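Single-letter residue listing:
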Amino acid sequence: MKYMYEALLFSLLSLGILGISMGENNPRNVVSREEFDDLKRLVQVLYEKVEVQQKEITALKRDVKEKDEFIAKISKEQPANRDKRSVRESSIEKKSSHEERSSVDINNKYSRIVPAPTESVVAFYAYMSGNENNPSAHHTLIYDHEVTNIGNGYSKHSGIFTAPVDGVYVFTWNTFTVTNNGGQEYMSIEITLNSQPVGATFVQGGGDYAGVTGIIVLSVQKNDVIYTRTHSTYVPHGSIRSDNVMRSTFSGWCLSCH
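Everything numeric in this text was worked out from a predicted model, so none of it was measured.

Peer 1: Could you clarify how one ought to interpret the overall build of the protein chain in this entry?
Peer 2: Looking only at helices and strands, the protein chain has two helices and ten strands in total. In the protein chain, the succession of helices and strands from N to C terminus is α-α-β-β-β-β-β-β-β-β-β-β. Among the 258 residues that make up the protein chain, the fraction classed as buried is 33%. Taking the contacts inside the protein chain whose residues are at least 6 apart along the sequence as the reference set, 73% of them involve residues at least 24 apart. Counting only carbon and sulfur atoms, one obtains 54% of the accessible surface of the protein chain, whose full area is about 16,600 Å².

Peer 1: Looking at this model, I keep getting lost on unusual backbone geometry. Mind explaining?
Peer 2: In terms of backbone geometry, most residues other than glycine have negative phi values and most peptide bonds are trans. The backbone of serine 195 sits at a positive phi, close to 75 degrees, despite the residue not being glycine. Residue position: serine 195 is located in the loop between β5 (184–193) and β6 (196–206). Here the phi dihedral of asparagine 223 falls at roughly 75 degrees; this positive angle occurs in a residue that is not glycine. Owing to a relative accessible area of 53%, asparagine 223 belongs among the exposed residues under this scheme.

Peer 1: For this particular structure, what's the right way to read the confidence of the model for the protein chain?
Peer 2: When pLDDT drops low, the exact placement of atoms in the prediction is not to be read closely. For the protein chain, per-residue confidence averages 79 on the pLDDT scale, and residues scoring 70 or more make up 69% of the total. Mean pLDDT across the elements of the protein chain bottoms out in helix α1 (residues 2–23) (54) and peaks in strand β1 (residues 123–127) (98). The low-confidence segment residues 109–118 (pLDDT under 50) makes zero contacts with residues lying over four places distant or belonging to another chain.

Peer 1: Honestly, the packing of aromatic side chains in this entry has me stumped. Any pointers?
Peer 2: Working definition: an aromatic ring pair is given by the centre-to-centre distance plus the angle between the planes. Tallied over the entire structure, the rule returns twelve aromatic pairs. Ring geometry for phenylalanine 124 and phenylalanine 171: centres 6.3 Å apart, planes at 50 degrees, overall tilted. On the criterion of sequence distance, the pair formed by phenylalanine 124 in strand β1 and phenylalanine 171 in strand β4 (residues 167–178) is long-range, its members being 47 residues apart. For phenylalanine 124, a relative accessible area of 4% translates into the label buried. Ring plane angle 40 degrees and centroid distance 5.5 Å describe the contact between tyrosine 143 and phenylalanine 250, whose orientation is recorded as tilted. Highlighted residues: tyrosine 143 in the loop between β1 and β2 (145–150) and phenylalanine 250 in strand β10 (residues 249–257), separated in sequence by 107 residues.

Peer 1: Quick question: what am I supposed to make of the pattern of salt bridges here?
Peer 2: Pairing is possible between side chains that carry opposite charge, provided their charged atoms lie close to one another. Applying the stated criterion across every chain, the model contains two salt bridges. Here glutamate 190 makes a salt bridge to arginine 229, at a shortest N to O gap of 2.9 Å. One end of the pair, glutamate 190, is in strand β5; the other, arginine 229, is in strand β8 (residues 225–230), with 39 residues separating them in the sequence. The class of glutamate 190 is buried, set by a relative accessible area of 4%. Here arginine 241 ties to aspartate 243 by a salt bridge, and the two come within 2.6 Å at their closest N and O atoms. With respect to class, arginine 241 is no different from aspartate 243; both count as buried.

Peer 1: Sorry if this is basic, but what is going on with the pairing of β1 here?
Peer 2: Strand residues, when the strand is regular, have side chains that alternate between the two faces of the sheet. Burial within β1 is extensive, with four of its five residues counted as buried. Where β1 lies against β2, five bridges are found, and the strand directions are antiparallel. Paired with tyrosine 127 across the strands is histidine 145, a residue of β2. Judged from the five bridges that link them, β1 and β10 form a sheet pairing that is antiparallel. Considered in β10, the bridge of phenylalanine 124 is made with glycine 252.

Peer 1: Explanation requested: the state of the cysteines in the structure shown.
Peer 2: Applying the stated rule across the entire model yields one disulfide. Linked covalently through their sulfurs, cysteine 254 and cysteine 257 form a disulfide whose S-S length is 2.1 Å. For cysteine 257, a relative accessible area of 21% corresponds to the partly exposed category.

Peer 1: Would you mind going over the environment of valine 203 with me for this structure?
Peer 2: Note that valine 203 resides in strand β6. For valine 203 and threonine 177, which are 26 residues apart along the polypeptide, the C-alpha to C-alpha distance reads 7.4 Å. Those residues in contact with valine 203, other than ones at most four positions away along the chain, are Thr177, Glu185, Tyr186, Met187, Ala210, Gly211 and Val212.

Peer 1: What is the right way to look at the nonpolar core in this model?
Peer 2: Proteins that are soluble and globular tend to have nonpolar side chains buried together. Membership of the largest hydrophobic core comes to 26 residues, with the highest contact counts inside it found for Phe161, Tyr169, Phe171, Ile226 and Phe250. Elements with a minimum of two residues in this core: β1, β4, β5, β7 (210–220) and β10. It is β7 that contributes the most residues to this core, five residues altogether. In this structure phenylalanine 171 touches Phe124, Phe161, Ile191, Gly214, Ile215, Ile216, Leu218, Val220, Ile226, Phe250, Ser251 and Gly252, once residues within four positions along its chain are discounted.

Conventions and cut-offs
Residues numbered from 1 in each chain as written. Predicted model: local features only at pLDDT ≥ 70, side-chain atom pairs only at ≥ 80, totals over all residues. Heavy atoms only, no water. Helix = DSSP H or I, 4+ residues; strand = E, 2+ residues; numbered from the N terminus. Buried < 20%, exposed > 50% of the residue type's maximum accessible area, 1.4 Å probe, protein only. Contact = heavy atoms within 4.5 Å. Areas by Shrake-Rupley, 256 points an atom, 1.4 Å probe, with all protein chains shown as cover. pLDDT = per-residue confidence, 0-100. Phe/Tyr/Trp six-rings, centres within 6.5 Å; stacked < 30°, edge-to-face > 60°. Salt bridge = Lys/Arg side-chain N within 4 Å of Asp/Glu carboxyl O. Pairing = 2+ DSSP bridges. Disulfide = S-S within 2.5 Å. Core = buried A, V, L, I, M, F, W, Y, C linked by side-chain atoms within 4.5 Å.

So, in structure tokens, the structure goes:
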């Protein structure tokens, strides 16, 4: 992928030089500096999108492998437990039939306060299981401990959320920093939509711990990708802390899904 990006840049540079040389005879063929910069930025955006897609493909392969292993394990256990379950289920059915009859009146008196989940419910919550030590600039943050993932949009392997449906979403991220070697720590964390920054937070602490929380509301289309990363140009100082005392987290939910 790196070589493809370099090849595209070389092609753009060649086109720019060719345009300049041809412009000596025909000014209409001149490639301006602004046009060349625009093409260069376009190549950078395309490269980042391909990079994100590759991470998603790798994460999906891991998820498929884990699910296949789980299914194989369950399939081996089923024959041994089938007879035990049948005996247990018959006794449970007798008991539950009596309990159901006695609870009919109670259920009729009260209506359900919380609606049952539907297919349009999308929500996720994950946190880092450990510290992220001395991350570099433009570094994607991976929240590897998945707690909630309704809709299966979040990948704990890549740290990326891929919208399963169109809708209006809320995203929030929480970052704690820890001082290294007694110095100051500070860093900026971006949240991106399809590799483009749409929000940022800044955290700074002097000789102790510090934390910051960011929250945004976005109109998102199906298959859009959202993730957090260290600032693309502002080099972070220090490490991100996440343990049972303070968690660095990433979460989101759909307010209105279509």
